[in-house]
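Here's the letter readout for the chains.
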Amino acid sequence: MMIKGFDSAVADMEIGQIVDVHLNPEEAYGMPDPNAILTFEIANLPGSEDLTVGQQVYLTNAMGQPFPVKVTAKTDSTITLDANHEMAGKELNFRIELVEVK
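Everything in this summary refers to the structure shown in the same document. All of these numbers come straight from a predicted model, not from anything done at the bench.

Quick notes on the rules
- Residues numbered from 1 in each chain as written.
- Predicted model: local features only at pLDDT ≥ 70, side-chain atom pairs only at ≥ 80, totals over all residues.
- Heavy atoms only, no water.
- Pairing = 2+ DSSP bridges.
- Helix = DSSP H or I, 4+ residues; strand = E, 2+ residues; numbered from the N terminus.
- Axes fitted to C-alpha atoms, helices over the stretch in contact; angles between N-to-C directions.
- Phe/Tyr/Trp six-rings, centres within 6.5 Å; stacked < 30°, edge-to-face > 60°.
- Buried < 20%, exposed > 50% of the residue type's maximum accessible area, 1.4 Å probe, protein only.
- Core = buried A, V, L, I, M, F, W, Y, C linked by side-chain atoms within 4.5 Å.
- Contact = heavy atoms within 4.5 Å.
- Salt bridge = Lys/Arg side-chain N within 4 Å of Asp/Glu carboxyl O.

1. Digging into the sheet that holds strand 2 (residues 37–41)
In any sheet, the strands associate via hydrogen bonds between backbone groups, in a parallel or an antiparallel arrangement.
Then, in step 1: Strand order in this open sheet of 4 strands is 2-5-4-3, and the pairing throughout is antiparallel. Strand pairing shows two members of the sheet lacking a second neighbour, strand 2 and strand 3 (56–60), which therefore form its edges. Strand-to-strand, the axes of this sheet are offset by a mean angle of 40°, without reference to chain direction.
Then, in step 2: Pairing of strand 4 (residues 66–74) with strand 5 (residues 78–82) involves 4 bridges; the strand directions are antiparallel. The residue of strand 5 that forms the bridge with Val71 is Leu81.

2. Quick word on the packing of aromatic side chains
Then, in step 1: Using the criterion set out here, one finds 1 aromatic pair in the structure.
Then, in step 2: Judged by centre distance (5.2 Å) and plane angle (80°), the rings of Phe6 and Phe94 are edge-to-face. Note that Phe6 is positioned in helix 1 (residues 4–10) and Phe94 in strand 6 (residues 92–97), a separation of 88 residues in sequence.
Then, in step 3: Overall, Phe6 belongs to the buried group, its relative accessible area being 17%.
Then, in step 4: Residue classification places Phe94 among the partly exposed positions, given a relative accessible area of 27%.

3. A word on the nonpolar core
Then, in step 1: Counting 10 residues, the largest nonpolar core is built from Ile3, Phe6, Met13, Val19, Val21, Leu23, Ala28, Leu92, Ile96 and Leu98.
Then, in step 2: Counting residues per element, this core draws most heavily on strand 1 (residues 18–23), which supplies 3 residues.
Then, in step 3: Apart from residues no more than four positions distant in its own chain, Leu92 is found in contact with Ile3, Val21, His22, Leu23, Ala28, Tyr29 and Met87.
Then, in step 4: Listed in part, the 9 residues of the second largest apolar core include Ile42, Leu45, Val69 and Leu81.

4. A short note on the pattern of salt bridges
Then, in step 1: Counted under the stated rule, the structure contains 1 salt bridge.
Then, in step 2: The partner of Asp20 in a salt bridge is Arg95, and the shortest N-O contact between them spans 2.6 Å. Within this pair, whereas Asp20 is found in strand 1, its partner Arg95 is found in strand 6, the two being separated by 75 residues in sequence.
Then, in step 3: For Arg95, a relative accessible area of 64% corresponds to the exposed category.

5. Structural notes on the pairing of strand 4
Then, in step 1: Bridge count for strand 3 against strand 4 is 5 bridges, and the pairing is antiparallel. Residue pairing in the sheet places Thr60 in a bridge with Pro66 of strand 4.
Then, in step 2: The loop that links strand 3 with its antiparallel partner strand 4 comprises 5 residues; one of these, Gly64, has a positive phi angle of about 85°.

That is the geometry; function is a separate question.
Shown next, in the form of structure tokens:
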């Protein structure tokens, strides 16, 4: 399972065919979601006092599944984490060659 635009690009390809594909964010990882920017009190997030801006770490959701976040800001008392996919908001370019269908 790939991003929507990639799946669409290969759907009608034939073996041996090569295509160049440009995907807008909406066809790829979407636009950044402002609700995925999380700010916590450092005192309420054990271990966050040692994190630095730019660092990627993992949090765990309510079902126990880990998900990556990036530290985007930090003060003496708060830390801000971005849970958006790192490619959200970006245009993507692919050169795709279909070599086999299973």
